[in-house]
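What follows is the residue order along each chain.
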Amino acid sequence: MIQATYHQYLLNFKQASGTSRGILRTKETWFIILKKDGKTGVGECGLFRGLSIDDTPDYQEKLQWFCENINLGLEVLLAKAIHFPSIQFGLEQAFLSLKSELKSENKFELFPSDFTKGTQDIPINGLVWMGDKSFMQQQIKDKLQQGFTTIKMKIGAIDFDTELNLLKAIRKEFSSKEITLRVDANGGFTPKNALQKLQRLSELNIHSIEQPIQQGQWQEMANLCEKTPLPIALDEELIGVFTSEEKEKCIETIKPQYIILKPSLIGGFQGSKQWISIAKKYHADNWITSALESNIGLNAIAQFTKTLENPLPQGLGTGSLFTNNIESPLEVMNGNLHYNIKKKWAFNLE
């Protein structure tokens, strides 16, 4: 028999981080801990307040229910958690983690690969957070010094012309062969002004733009994807779309160039694989992005990402945003996520 408990954990940002949803100073997350035969499994339910579809008043009650009914088995639990994608993801991790420790004493090696051996890294983009001009300029400078060749800039917080000038300044110094630029509008444009803004961005050889208009406007987004001068990636659009039929209808209607998969927000590994399979039918490529999880969730996402062997730079966080993250072997080296096998995990909530 498996025993299950859950624990809340509050991550503290080193410095307040700006998004189109406001300023973030803390990030709440939850861990599911499984115990069997003296072994432990750990999974992170990366709830994102204000963004997760399962940000509901009864979230903790749901966690309690899944812990009490853990011996129904993973398949049954995942089906029952369909409207709680962050719990689905936490359960998947916890079961894989327990299985891994029962087998090899390493509960954090969910998908063994050259990545977990420390011999192969995962290329990632460097993320530039919203803020005033000088703060964003400093971040860009830092990312370039850290060896990133793909930079993703969140736009929509300050004046569009100022953001455009920041991007122009990078392009003046680095061609698109030297630095790949991605932008993320987080739904900040309107259907009326989006195309004109996309035209101006396209002059700077931008790789792609994430979620130019707010989710749920499928026809308007389809229209944009058809006329766009630069590739569009769906992000928030995938949140809250639960069945394979709904997912297919979404991709078939919009026909995006890319989809972005955040396992915590779209139902974990299983949900991500389903989206990838549907998107491929409609010739849409993808990459994986973390969503401010602790190093527990980030580790799971990174290991899963490696199994997909997608050559594009991924949107994996670096775990360095928080003052109280869980110590792990994950580190960033020259614009890549690296698993340093000499570093140990330090996970102890009990």
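Remember, predicted model here, so these are calculated numbers, not experimental data.

Draft legend 1. Here's a closer look at the nonpolar core. Core analysis: the largest hydrophobic core is formed by 80 residues, its most contacted members being Phe189, Leu201, Ile209, Trp275 and Leu316. A total of six residues in this core trace back to one element, the largest contributor, which is helix H11 (residues 295-308). Counting residues domain by domain, this core receives three or more from each of domain 1 (3-104) and domain 2 (122-339). In this structure isoleucine 209 touches Ile155, Val183, Ala185, Phe189, Leu198, Leu201, Leu230, Pro231, Ile232 and Ala233, once residues within four positions along its chain are discounted. Judged by nonpolar contacts, the second largest core, of 22 residues, contains Trp30, Cys45, Leu77 and Phe84.

Draft legend 2. Main features of the packing of aromatic side chains. Inspection of every chain in the model, using the stated rule, returns 16 aromatic pairs. A ring pair is formed by phenylalanine 108 and phenylalanine 347, whose centres lie 6.3 Å apart and whose planes are at 75°; its orientation type is edge-to-face. Of this pair, phenylalanine 108 sits in the loop between helix H3 (85-104) and strand E4 (122-123) while phenylalanine 347 sits in the segment after strand E13 (336-339); the two residues are 239 residues apart in sequence, bridging distant segments of the chain. For phenylalanine 108, a relative accessible area of 7% corresponds to the buried category. Phenylalanine 347 gets classed as buried once you look at its relative accessible area, which sits at 17%. An aromatic cluster of three or more residues is present, and its members are Tyr9, Phe31, Phe108, Trp345 and Phe347. Of note, arginine 182 hangs over the ring of tryptophan 287, and the distance from its end group to the ring centre comes to 3.9 Å. In this arrangement the basic side chain of lysine 197 is found over the ring face of phenylalanine 160, its NZ or CZ atom lying 4.9 Å from the centre.

Draft legend 3. Up close: unusual backbone geometry. With a phi close to 40°, glutamine 211 is a non-glycine residue in the positive phi region. Secondary-structure assignment places glutamine 211 in the loop between strand E8 (208-210) and helix H7 (218-227). Note on glutamine 211: relative accessible area 0%, which makes it buried. With phi around 60°, leucine 292 is a residue other than glycine that occupies positive phi space. Along the chain, leucine 292 turns up in the loop between strand E11 (285-288) and H11.

Draft legend 4. Just empty space enclosed by the protein, in detail. By the definition in use, this model includes one cavity of 30 Å³ or more. Considering only enclosed or pocket space, the largest cavity measures out at about 30 Å³ in volume. Around the largest cavity, the lining residues are Val42, Gln93, Lys107, Phe108, Leu110, Ile296, Asn299 and Ala300. For the lining of the largest cavity, the element with the most residues is H11, which contributes three residues. Split into classes, the residues belonging to the lining of the largest cavity amount to five nonpolar, two polar and one charged.

Draft legend 5. Geometry of the side chain of glutamate 237. As for its position among the elements, glutamate 237 is in the loop between strand E9 (232-234) and helix H8 (244-254). The class of glutamate 237 is buried, set by a relative accessible area of 3%. Here the side chain of glutamate 237 touches glutamine 211 through a polar contact of 3.0 Å, side chain to side chain. Within the local environment of glutamate 237, its side chain forms a polar contact with the side chain of tryptophan 218, the two groups lying 3.2 Å apart. If we skip the residues at most four places from it in the chain, glutamate 237 touches Gln211, Gln214, Gln215, Gly216, Gln217, Trp218, Met221, Cys250 and Ile254.

So, how was this worked out
Residues numbered from 1 in each chain as written. Predicted model: local features only at pLDDT ≥ 70, side-chain atom pairs only at ≥ 80, totals over all residues. Heavy atoms only, no water. Core = buried A, V, L, I, M, F, W, Y, C linked by side-chain atoms within 4.5 Å. Buried < 20%, exposed > 50% of the residue type's maximum accessible area, 1.4 Å probe, protein only. Helix = DSSP H or I, 4+ residues; strand = E, 2+ residues; numbered from the N terminus. Domains from an automatic or database assignment. Contact = heavy atoms within 4.5 Å. Phe/Tyr/Trp six-rings, centres within 6.5 Å; stacked < 30°, edge-to-face > 60°. Lys NZ or Arg CZ within 6 Å of the ring centre and 35° of its normal. 1 Å grid on protein atoms, 1.4 Å probe; cavity = no way out; pocket = protein on both sides within 12 Å on 5 of 7 lines; lining within 4 Å. Points joined across faces, edges and corners; volume = space filled by probe spheres on them. Nonpolar A, V, L, I, M, F, W, Y, C, P; charged D, E, K, R; others polar. Polar contact = N/O pair within 3.5 Å; in protein donor to acceptor, adjacent residues only side chain to side chain.

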